Amino acid sequence: MLLAGWGFDSRVWRPVAERLENDFRIAYDLDAASADTIACGWSLGALRAQKSALVGRQILVGATRRFVQAPDWPCAQPPQLLDSFVDAVAADPAAALRRFAALVNQGDERARDLTRFLTTLLRERIPDAATLAAGLAELRDTDLQESAPVVRRATLLVHGERDALMPLDAARWLAAHIPAARLEIFAGAGHAPFLSQPDRFAALVREFAA
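Definitions and limits used
- Residues numbered from 1 in each chain as written.
- Predicted model: local features only at pLDDT ≥ 70, side-chain atom pairs only at ≥ 80, totals over all residues.
- Heavy atoms only, no water.
- Helix = DSSP H or I, 4+ residues; strand = E, 2+ residues; numbered from the N terminus.
- Rg over C-alpha atoms; globule rule 2.2 N^0.38 Å.
- Contact = heavy atoms within 4.5 Å.
- Buried < 20%, exposed > 50% of the residue type's maximum accessible area, 1.4 Å probe, protein only.
- Pairing = 2+ DSSP bridges.
- Right-handed = clockwise from strand over helix to strand, strands pointing away.

Let us look at the overall build of the chain. Along the chain, the regular secondary structure elements total 9 helices and 5 strands. The C-alpha radius of gyration of the chain comes to 16 Å, within 12% of the 17 Å expected for a compact globule of 210 residues. With respect to the three principal axes, the spread of C-alpha positions in the chain is 45 × 40 × 35 Å. In the chain, the share of contacts with a sequence separation of at least 24, taken over all contacts with a separation of at least 6, comes to 70%.

What follows is about the pairing of strand E4 (residues 155–160). Burial runs high along E4: 6 of the 6 residues are buried. Residues Thr 155, Leu 157 and His 159 point to one face of E4 and Leu 156, Val 158 and Gly 160 to the other, with burial holding for every one of them. As judged from the 4 bridges shared by strand E3 (residues 57–61) and E4, these two strands associate in the parallel manner. Paired with Gln 58 across the bridge in E4 is Thr 155. For E4 and strand E5 (residues 181–186), the ladder comprises 6 bridges, and the chain directions are parallel. Each bridged residue has a counterpart across the sheet, and for Val 158 the counterpart in E5 is Glu 184. A crossover connection joins E4 to the parallel E5 through helix H7 (residues 168–177); in handedness this β-α-β unit is right-handed.

In structure tokens, the structure reads:
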């Protein structure tokens, strides 16, 4: 089950799906999950995977317990960043998403190629403004501090060393607090390590599933 992050749909998983389609039955909607489903969520999709009680195992990519900073949670984004995207989506969704695509790939060794790929997806189709606003509200309101330590499902955390959106310390916190978690750090990658290093990512998914 491949769950996309904010601003993108299932097409963002295309490079991964192409590498895994001979090994797995791939779906993109948590409503179709079952106890033998491996939920693989990126960013906002990772938050949704963590909240779901339907799946058996989980792969969390660019994950965090909380997107917005709090007094006890510095490894996150300031509220002003999220507020700026709320305003930008209301004014011009397409421009807001182009800005977000650049932020996703900030610091990545393959930033230029990845931004070109994401920009192409956005030219083809973007979510409607209401869907984007709802996703931002979910990012603002979700905090998994209490639920993470009681998770008993096997968990693979995949995080870019240079992630500019979800600091690496957020993944380290999850690795320390989810009892059955293991963290794989992708050197030189930003917020989308599955796009930056798709072959390594696909190999990890196969290993985890086995």
